[in-house]
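# Report on the structure
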Amino acid sequence: MKTTTTTAARAERREARTPVVCFQGVSKSYGAVRAVADLHLELHPGETVALLGPNGAGKSSTLDLLLGLRSADTGTVSLFGTTPQRAIEQGKVGAMLQSGGLMEGVKVRELVGLARDLHPRGYPLDRILATAGITEIADRMVGKLSGGQEQRVRFALATAGANDLIVLDEPTTGMDVSARQTFWGAMRRQAQEGRTVLFATHYLEEADEIADRVIVLHRGRVLADGTSAEIKARAGARRVTFDLDGPVDRGALEALPFLTALTVSNSGSAAGSGRTVRIQSQDADATVHALYGLGLYPRNLEVSGLGLEQAFIAITTASDATPATAEEAAR
């Protein structure tokens, strides 16, 4: 017997295959500055994605293009298979941006209530306030809030309804530790419910702890894309830490093979002459072997992988050291 596929079922399967976000060959310039360069990127349902990059890497421009705040010079940006503007009108996208102020002459409750009323799938007001941790300041005037409180109100506005994509630009700036923990707890619940969370941050420990996917932007392009562990492995370096007694011949240490970074500091030993040495090496085994070959006797020797911050610095520094493309050289 032939089964008839309903229009609704076909639409549901098609939506399941459609990326939440899709950049296809997107470029954006501001005069002679190319902020986004031939960007190809897809995000999928349920992902929590951290967007990292040094200043000027194109993070803000990428988010502006994603949200339809700016138009691409070339290429296409789509959300849920349609235009950013259309997806936002359908209530599928919530955003928390650094730019733009809040209405100051109203109470927090009134501002959040307005966002809830405008959302096609708004949540109950008390739920929004509780989720953002702002119930206790709901009757305060927006213009009287601290920086951290303003951030929590922005979070409430971004999550006032059942969005399928939540975009956050430096969301925890100004928040104290407790507020940051509450915030990320709420974001984890959003992801567990199948929503896609995209956030740009300078707090790399947040990206390491929260994101299940990390994207590193540099010069307007994707320089690295993977899990936090994959990004760390991509850096290709390991950290070697040890203590030495007495004076340190820095020149001899700098000549160690596969060395990419070196710092020497006081170890705080009782004798006062001890030094702690921290090395980054592309081949830790060879570096340690050569270290013993110098006739040194390191104490408390430890070899470990790079943290996400060190890996991020190593990857972007290596990219800066590569020759510019013909297109970049022409600019």
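Structure: see above.
As a convention, each chain's residues are numbered from 1 in the sequence order in which they are written. The predicted origin of the model limits local features to residues at a pLDDT of at least 70 and limits the giving and counting of side-chain atom pairs to 80 or more, whereas totals for whole chains, interfaces and linings rest on all residues. For side-chain calculations, the full set of non-hydrogen atoms in the structure is used, while hydrogens and water are omitted.

### A short note on the sheet that holds strand β5 (residues 93-96)
We apply this condition: Should DSSP find at least two bridges between two strands, the strands are taken to pair. Comment: elements are numbered from the N terminus, with helices defined as DSSP H or I runs of at least four residues and strands as E runs of at least two. Axis definition: a line fitted to C-alpha atoms, over the contacting stretch in the case of helices. Angles run 0 to 180 degrees between N-to-C directions.
The strand order across the open sheet formed by 6 strands is β5-β6-β7-β3-β8-β9, and the pairing between neighbours is mixed. Edge positions in the open sheet fall to β5 and β9 (221-226), since each of these has one partner strand only. Adjacent strand axes in the sheet meet at a mean angle of 15°, parallel and antiparallel pairs treated alike. Of the strand pairs in this sheet, strand β3 (residues 48-52) and strand β8 (residues 213-218) are connected by 4 bridges, and their pairing is parallel. Across the sheet, the residue bridging to Ala50 is Val214, located in β8.

### Points about the packing of aromatic side chains
To be explicit about the condition: We call Phe, Tyr and Trp rings a pair once their centres come within 6.5 Å, taking the six-membered ring for Trp, and we label the pair stacked below 30 degrees between planes, edge-to-face above 60, and tilted otherwise. For the exposure calls, accessible area comes from a 1.4 Å probe over protein chains only, and a residue counts as buried if that area is under 20% of its type's maximum, exposed if over 50%, partly exposed in between. Two limits define a charge over a ring: the Lys NZ or Arg CZ must be within 6 Å of the ring centre, and within 35 degrees of the ring normal.
Scanning the model with the defined rule gives 3 aromatic pairs in all. Here Phe155 and Phe183 contribute two aromatic rings whose centre-to-centre distance is 4.7 Å and whose plane-to-plane angle is 65°, an arrangement assigned as edge-to-face. You can see Phe155 sitting in helix α6 (residues 147-158) and its partner Phe183 sitting in helix α7 (residues 177-192), a full 28 residues away along the chain. The two residues Phe155 and Phe183 agree in class, both being buried. Judged by centre distance (4.8 Å) and plane angle (85°), the rings of Phe183 and Trp184 are edge-to-face. Among the residues examined, Trp184 registers a relative accessible area of 5% and is labelled buried. Ring pairs connect the aromatic residues Phe155, Phe183, Trp184 and Phe199, which therefore count as one cluster. Sitting over the face of the ring of Tyr123, Arg127 holds its NZ or CZ atom 3.8 Å from the ring centroid.

### Considerations on the pairing of strand β7 (residues 196-200)
Stated formally: Seen with its strands pointing away from the viewer, a crossover is right-handed when the path leading from the first strand over the helix to the second is clockwise.
By the criterion of burial, β7 is predominantly enclosed, with 5 of the 5 residues buried. Along β7, one buried face is formed by Thr196, Leu198 and Ala200 and the opposite face, lined by Val197 and Phe199, is buried too. Where β3 lies against β7, 4 bridges are found, and the strand directions are parallel. Among the inter-strand pairings, Ala50 is bridged to a residue of β7, identified as Phe199. In this fold, strand β6 (residues 165-169) hands off to α7, which returns the chain to β7; that crossover is right-handed.

### Some points on the packing of helix α4 (residues 108-118) against α6
As a reminder of what qualifies: The scheme is simple: roughly parallel for angles under 35 degrees, roughly antiparallel for over 145, roughly perpendicular for 65 to 115, oblique for anything else. Here is the rule for handedness: rotate from the far helix to the near one, and if that takes an anticlockwise turn smaller than a right angle the crossing is left-handed, while a clockwise turn gives right-handed. We call two residues contacting when some pair of their heavy atoms lies within 4.5 Å. Here the nonpolar group is Ala, Val, Leu, Ile, Met, Phe, Trp, Tyr, Cys and Pro; Asp, Glu, Lys and Arg are the charged ones; every other residue, Gly included, is treated as polar.
Viewed as axis vectors pointing N to C, α4 and α6 meet at an angle of 25°, and their least axial separation amounts to 9 Å. Looking at the two axes, α4 sits roughly parallel to α6. Seen along the crossing, α4 lies across α6 with a hand that is right-handed. Taken together, the residues of α6 that come into contact with α4 (itself represented by Val108, Leu111, Val112 and Ala115) are Val153, Ala156 and Leu157. Residue classes in the contact of α4 with α6 are distributed as 7 nonpolar, no polar and no charged.

### Describing the side chain of Gln280
With respect to the helices, strands and loops of the structure, Gln280 is situated in strand β12 (residues 275-281). If we skip the residues at most four places from it in the chain, Gln280 touches Arg238, Phe258, Leu259, Thr260, Ala261, Leu306 and Gln310.

### Some details on the nonpolar core
Definition in use: As used here, the term nonpolar core means buried Ala, Val, Leu, Ile, Met, Phe, Trp, Tyr and Cys residues forming a set that is joined through side-chain atoms within 4.5 Å.
One finds Leu52, Val112, Ile134, Leu168, Phe183, Met187 and Phe199 to be the most contacted residues of the largest nonpolar core, which totals 51 residues. Ranked by residue count, the leading element in this core is α7, at 5 residues. Of all hydrophobic cores here, the second largest spans 28 residues; its members include Leu67, Val93, Leu97 and Val167.

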